[in-house]
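Understanding the architecture of this molecule
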Amino acid sequence: PVECTAGTYSPINNQMFAGQCIPCPPGSFSLDRASKCDLCPPGTECPDYGMPKPAVCPARKWSPENSTSCLDCPAGFICKTSMTGEPEACAAGEF
């Protein structure tokens, strides 16, 4: 049997050919020997097919779960660290 590499999966146990491994769609990723793709967690992006792991959003960017790109932090909110899953509202008087 052939095992799927990271970024691909197969719902078929013990597939016989590497061609039976399917690339994960954008917004998801997989580790080695996966039977399904996992959604990219908040604060990360998976822009391409066949992602072996999510890419971390940098500071001042954010993303929801299953994202294909990191987004700019909106006005009136703060995204302090990398891997921000949800922007925080600025305190009164700040922007």
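In this text, all values refer to a predicted model and were calculated from it rather than measured experimentally.

Below, the discussion takes up the pattern of salt bridges. Applying the stated criterion across every chain, the model contains 3 salt bridges. Note that Glu3 and Arg33 form a salt bridge whose closest N and O atoms lie 3.7 Å from each other. In this pair, Glu3 sits in the segment before β1 (8–9) while Arg33 sits in the loop between β3 (28–29) and β4 (38–39), placing the two residues 30 residues apart along the sequence. Relative accessible area serves as the criterion here: at 56%, Arg33 is assigned to the exposed category. Between Asp38 and Lys36 there is a salt bridge, with its nearest N and O atoms 2.8 Å apart.

Applying the stated criterion to the full structure yields 5 disulfides. Paired by a disulfide, Cys24 and Cys37 hold their sulfur atoms 2.1 Å apart. Where Cys24 bonds to Cys37 through sulfur, the torsion about that S-S bond is close to -95 degrees, and the disulfide is left-handed. Of this pair, Cys24 sits in the loop between β2 (22–23) and β3 while Cys37 is found in the loop between β3 and β4, placing the two residues 13 residues apart along the sequence. For the residue pair Cys24 and Cys37, the accessibility class agrees, reading buried in each case.

This part is about the environment of Ala55. For Ala55, the location among the structural elements is in strand β6 (residues 55–56). Residue classification places Ala55 among the partly exposed residues on the basis of a relative accessible area of 29%. Sequence spacing of Ala55 and Thr44 is 11 residues, and the spatial spacing of their C-alpha atoms is 5.4 Å. The contacts of Ala55, once residues within four sequence positions are left out, are Gly43, Thr44 and Glu45.

The rules behind the values
- Residues numbered from 1 in each chain as written.
- Predicted model: local features only at pLDDT ≥ 70, side-chain atom pairs only at ≥ 80, totals over all residues.
- Heavy atoms only, no water.
- Salt bridge = Lys/Arg side-chain N within 4 Å of Asp/Glu carboxyl O.
- Helix = DSSP H or I, 4+ residues; strand = E, 2+ residues; numbered from the N terminus.
- Buried < 20%, exposed > 50% of the residue type's maximum accessible area, 1.4 Å probe, protein only.
- Disulfide = S-S within 2.5 Å.
- Contact = heavy atoms within 4.5 Å.

Function cannot be inferred from these measures alone, as they are strictly geometric.
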